[in-house]
Amino acid sequence: MKGDIALKTYIDLHMHSTASDGTLTPTALIQASLKSASNEDDTTVIALTDHDTVAGIPEFMAEAAKYKKRMIAIPGVEISTDYHGVEIHILGYNIDPENKELLEKLKLYRESRDSRNEKIVALLQAEGFEITMDDIKPENPNDTIARPHIAKQLMKKKYVASVKEAFDKYLAEGRSCYVERIRPTPEEAIQLIRNSGGVPVLAHLMYYKKLNAAEKETMVFKLKEAGLQGIEAYYNSYTPVEEDYVASLAKQNGLLLTGGTDYHGQNKPHISLFTGQGSMEVPETILPEFLESIR
């Protein structure tokens, strides 16, 4: 307590910047995180986990270093993988953003994504949309182009009313302009993260609707055997029942608990930092074990 003010720790271990498909720069993410706290003495614990890139980490960590008394910032990444035809995401915490193997593999994954973007644009053109690769080119050449950038161009050109509509009608899996891309296995991503000094964590388990409960539990067990160290138990769309289920599964497998909103800025405007869709809260009780694991 400071006077009559109860101090709080705000935790968000899953956020994206303009280096992948978020709308805030790494610097702006730091500032937005600080502003989201109730008062200037609150502590924030945050991680930048851009998709298949660590390009935003130097800027993120440099800005965070200005606020060491009230912020713990963690360099991270989110790697998209293929698990028997299902896209599974593996988060990596406290990775070395200069690790040679990590950088080489992430470059390969991004090149696959770039090729995919060209194919998506070609499919959209075939359906009569006036959109080109130049339209979706980012200002910063190091930024990763992803489907949300294409969706925003469709919205800008008034073909759709929102990013969500673009995905629902054209860009989501199963839609006419969806294109698959090359992805590593979860086991490969786990090893890559561990080799770069990081802690691999399975992201948003309940998000994988193609897997039933038994298949999810089998996957968690197999990935634990492959070196997985944690599960994201707190997520923006989880119900209390889902949180309890994932936490129980983590306990059964001796895995760390983590949590984050999957914040993307205005690309997912219904998701806010720290609170997700309004009522989410990552409990402070997860911190001691998590912070110890990344030391």
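Above: the structure in question.
Description of the structure in this document.

## What to know about unusual backbone geometry
Moving on, step 1. Residue Lys158 is not a glycine yet carries a positive backbone phi of 65°.
Moving on, step 2. Secondary-structure assignment places Lys158 in the loop between α4 (147–156) and α5 (163–171).
Moving on, step 3. A positive phi angle is found at Asp262, which is not glycine, with a value near 65°.
Moving on, step 4. Tracing the sequence through the fold places Asp262 in the loop between β7 (256–260) and α9 (287–293).
Moving on, step 5. For Asp262, a relative accessible area of 5% puts it in the buried group.

## A few points about the sheet that holds β7
Moving on, step 1. If you trace the seven strands from one edge of the open sheet to the other, you get β1-β2-β3-β4-β5-β6-β7, paired in mixed fashion. Both edges of this open sheet fall to β1 (9–15) and β7, since each of them pairs with a single strand only. Taken pair by pair, the neighbouring strands of this sheet meet at an average axis angle of 30°, ignoring direction.
Moving on, step 2. The pairing of strand β6 (residues 230–235) with β7 spans five bridges and is classified as parallel. Paired with Ile231 across the two strands is Leu257, which belongs to β7.
Moving on, step 3. Sheet strands in contact with helix α7 (residues 213–225) are β3 (71–83), β4 (86–93), β5 (199–202) and β6, and its direction is about 175° off that of β5.
Moving on, step 4. Sheet strands touched by helix α8 (residues 240–252): β6 and β7. Its angle to β6, the strand with the most contacts, is close to 165°.

Each value, and the rule that gives it
All residue numbers here refer to positions counted from 1 along the written sequence of the relevant chain. Given that the model is predicted, a residue must reach a pLDDT of at least 70 before its local features are reported, and side-chain atom pairs must reach 80 or more before they are shown or counted; all residues, however, enter totals for whole chains, interfaces and linings. Excluded from the side-chain calculation are hydrogens and water; included are all heavy atoms of the structure. For helices the rule is a DSSP run of H or I covering at least 4 residues; for strands it is a run of E covering at least 2, with both sets numbered from the N terminus onward. Note on exposure labels: buried denotes an accessible area under 20% of the residue type's maximum, exposed denotes more than 50%, and partly exposed covers the range between, all computed with a 1.4 Å probe on protein chains only. For two strands to be treated as a pair, DSSP must find at least two bridges joining them. All axes are obtained by fitting lines to C-alpha atoms, using only the stretch in contact for helices, and the reported angles, taken between N-to-C directions, cover 0 to 180 degrees. Here, residues are in contact when the closest pair of their heavy atoms is within 4.5 Å.

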